[in-house]
Amino acid sequence: MRPWNFSAGPSALPLPVLEQAAAEMTDWHGSGMSVMEMSHRGKQFTQICAEAIADLRELLAIPDNFHVLFMQGGATAENAIVPMNLMGRNGAGKADYVLSGIWSGKSFKEAGRYGDAAVAASSETSLSTPEGLFDPWTWFPGVSEWVLRPDAAYVHVCTNETIGGVEFADWAALSALPQSDVPLVLDMSSHFLSRPIDFSRVGVVYAGAQKNAGPAGVTMVIIRDDLLDHALPICPSAFNYGAVARADSMLNTPPTYAIYIAGLVFKWLKQQGGVAGIQAVNEEKARLLYSYIDTSALYVSKVHPSVRSRMNAPFFLRNETLNAAFLQEAESAGLMQLKGHKSVGGMRASIYNAVPLQAVQALVSFMQDFERRHG
Ligand SMILES: *Cc1c(COP(=O)(O)O)cnc(C)c1O
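Owing to the predicted nature of the structure, the values given are computational and were not obtained by experimental measurement.

**Some words on the sheet that holds strand E7 (residues 155-158)**
Phase 1: A sheet is described by the order of its strands in space; here 7 strands give the open sequence E2-E12-E11-E10-E7-E3-E4, paired in mixed fashion. The open sheet has two free edges, formed respectively by strand E2 (66-71) and strand E4 (116-122), since each of these has just one partner strand. Each adjacent strand pair in this sheet contributes to an overall mean axis angle of 20 degrees, direction not counted.
Phase 2: Of the strand pairs in this sheet, E2 and strand E12 (residues 219-224) are connected by 6 bridges, and their pairing is antiparallel. Paired with phenylalanine 66 across the strands is arginine 224, a residue of E12.
Phase 3: Its contacts with the sheet place helix H4 (residues 102-111) against strand E3 (94-99), E4, E7 and strand E11 (202-208), and it is angled at close to 160 degrees to E3.

Below, the structure written as structure tokens:
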């Protein structure tokens, strides 16, 4: 049996997807070619790409007035691509950023190179609540406290902070935001396709594929049509949303193999009952892990309970001298890549769509057993 993989990214892919890719590796559907060897402009790859887009549109119920783009450079490139394309939208050259952790911090910093980027709200301080005192980046700034400028070109939010394990939860408040013409730009890299998206207030959603949607190398961008053509003159053509959209994401050679694998992941997701089906499994997995951590005397979660990520669960051993033993014994038990991010420490279990309930059950029973022996 393969070990269970809790990597934060690049992360686990569904086994049936890997098996299908292996079976089709040297001869895709009788073509006598690997997908890697096909022209991106040929009939076969055009079909692969069109099916991937159609499946993604179906999975997320993407409205007709949005384009789906496949880009390169990861979410990190989008940190520059977004301001280069949108900041000039209304002449004010402004954008507002909600800071909720390391990834949104990077987005904000990059945006400042292209215009007037301001902090709308930030969780970089400690927060005292009835549930206790919470460290910086372990809670999410409430929507009602965001300071939004009416002439901002957009508001940027990272809805799942992969490193801190903080997931935005108040989607109802988002759709009720008053500045109705300021579009939201969401970095959903690490929970893309784990839950439905309400597009009513959204202008752009972007996500690197390698967390929850496929292999590294392709970035998914979902963008409202009226936002396509506002790029600053300095914007490279390959990063110009309008130009990429008009070229059907084939302005230059796209990452063909990554798009093919992402397409297989979309088909797999449809077999899991779509986004609603996988969302239910994700909630069950997160409930199982966090409820055990909360009753344990050895493990602790430091994230505010209302915003604990269902995808990335950082946790700590109260006795940190046991960290090395925990990781080593976990590996021997077939539980891989549980080490926390270096900026946070401790452990992190990333339990993306492709990590089944069975893997989380195995993790929790290992944690229980470890606690019995060392707690
Ligand atoms: C991983 C990640 C990024 C960076 O993605 P790259 O593909 O490495 O550029 C940005 N934002 C979030 C939320 C991420 O999880």
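Next comes the rest of the write-up.
**Section: the sheet that holds strand E16 (residues 347-350)**
Phase 1: Taken in spatial order, the 3 strands make up an open sheet running E13-E14-E16, and their pairing is antiparallel. Each edge of the sheet is formed by a strand with only one pairing partner; in this case those strands are strand E13 (299-300) and E16.
Phase 2: In the sheet, strand E14 (residues 312-317) pairs with E16 via 4 bridges, with the strands oriented antiparallel. Residue pairing in the sheet places alanine 313 in a bridge with alanine 349 of E16.

**Observations regarding the site of the ligand**
Phase 1: As a structural note, the neighbourhood of the ligand is formed by Gly74, Ala75, Thr76, Trp103, Cys158, Asn160, Thr162, Asp187, Ser189, Ser190, Gln210 and Lys211.
Phase 2: Threonine 76 places a side-chain nitrogen or oxygen 2.5 Å from an oxygen atom of the ligand.
Phase 3: Within the contact set of the ligand, an oxygen atom lies 2.6 Å away from a side-chain nitrogen or oxygen of lysine 211.
Phase 4: Out of a free accessible area of 390 Å², the ligand has 86% covered by protein chains.

**A closer look at the domain arrangement of the chain**
One frequent convention defines the size of an interface as the accessible area lost when the parts assemble.
Phase 1: Structurally, the chain comprises domain 1 (16-271) and domain 2 (274-374).
Phase 2: Of note, the centres of domain 1 and domain 2, computed from C-alpha atoms alone, are 26 Å apart.
Phase 3: Buried area between domain 1 and domain 2, summed over both chains or domains, comes out near 2100 Å², and the portion from carbon and sulfur atoms is 57%.
Phase 4: It is Ile163, Glu167 and Ser194 in domain 1 that bury the most area against domain 2; as a group they hold 24% of the surface buried on that side.
Phase 5: With a shortest N-O distance of 2.5 Å, glutamate 167 and arginine 310 are connected by a salt bridge.
Phase 6: Connecting domain 1 to domain 2 are 12 residue pairs in polar contact (both at pLDDT 80 or more).
Phase 7: Of all the secondary structure elements, the ones that give two or more residues to the side of domain 1 that touches domain 2 are helix H2 (43-60), strand E9 (166-167), helix H6 (209-212) and helix H8 (256-271).
Phase 8: For the side of domain 1 that touches domain 2, the element with the highest residue contribution is H8, accounting for 3 residues.
Phase 9: Considered class by class, the residues forming the side of domain 1 that touches domain 2 number 14 nonpolar, 10 polar and 6 charged.

**Some details on the packing of aromatic side chains**
Here the distance between the centres and the angle between the planes together describe a pair of aromatic rings.
Phase 1: This model, assessed by the stated rule, comprises 14 aromatic pairs.
Phase 2: When the centroid spacing of 5.2 Å and the interplanar angle of 55 degrees are considered together, the rings of tyrosine 257 and tyrosine 260 count as tilted. On the criterion of helical spacing, the pair formed by tyrosine 257 and tyrosine 260 is a turn pair, its members being 3 residues apart in helix H8.
Phase 3: According to the relative accessible area criterion, tyrosine 260 is buried, its value standing at 3%.
Phase 4: Both rings, one in phenylalanine 366 and one in phenylalanine 370, keep their centres 5.9 Å apart while their planes meet at 40 degrees; by these two values the pair is tilted. With phenylalanine 366 and phenylalanine 370 both in helix H11 (residues 357-374), this residue pair falls 4 residues apart, about one helical turn. In this structure, phenylalanine 366 and phenylalanine 370 share a single accessibility class: buried.
Phase 5: Ring pairs connect the aromatic residues Tyr292, Tyr299, Phe315, Phe326, Phe366 and Phe370, which therefore count as one cluster.
Phase 6: Between lysine 302 and the ring centre of phenylalanine 316, over which it is positioned, the NZ or CZ distance is 4.0 Å.

How each quantity is defined
- Residues numbered from 1 in each chain as written.
- Predicted model: local features only at pLDDT ≥ 70, side-chain atom pairs only at ≥ 80, totals over all residues.
- Heavy atoms only, no water.
- Pairing = 2+ DSSP bridges.
- Helix = DSSP H or I, 4+ residues; strand = E, 2+ residues; numbered from the N terminus.
- Axes fitted to C-alpha atoms, helices over the stretch in contact; angles between N-to-C directions.
- Contact = heavy atoms within 4.5 Å.
- Near = heavy atom within 4 Å.
- Polar contact = N/O pair within 3.5 Å; in protein donor to acceptor, adjacent residues only side chain to side chain.
- Areas by Shrake-Rupley, 256 points an atom, 1.4 Å probe, with all protein chains shown as cover.
- Domains from an automatic or database assignment.
- Buried area = accessible area lost by both parts, 1.4 Å probe.
- Salt bridge = Lys/Arg side-chain N within 4 Å of Asp/Glu carboxyl O.
- Nonpolar A, V, L, I, M, F, W, Y, C, P; charged D, E, K, R; others polar.
- Phe/Tyr/Trp six-rings, centres within 6.5 Å; stacked < 30°, edge-to-face > 60°.
- Buried < 20%, exposed > 50% of the residue type's maximum accessible area, 1.4 Å probe, protein only.
- Lys NZ or Arg CZ within 6 Å of the ring centre and 35° of its normal.

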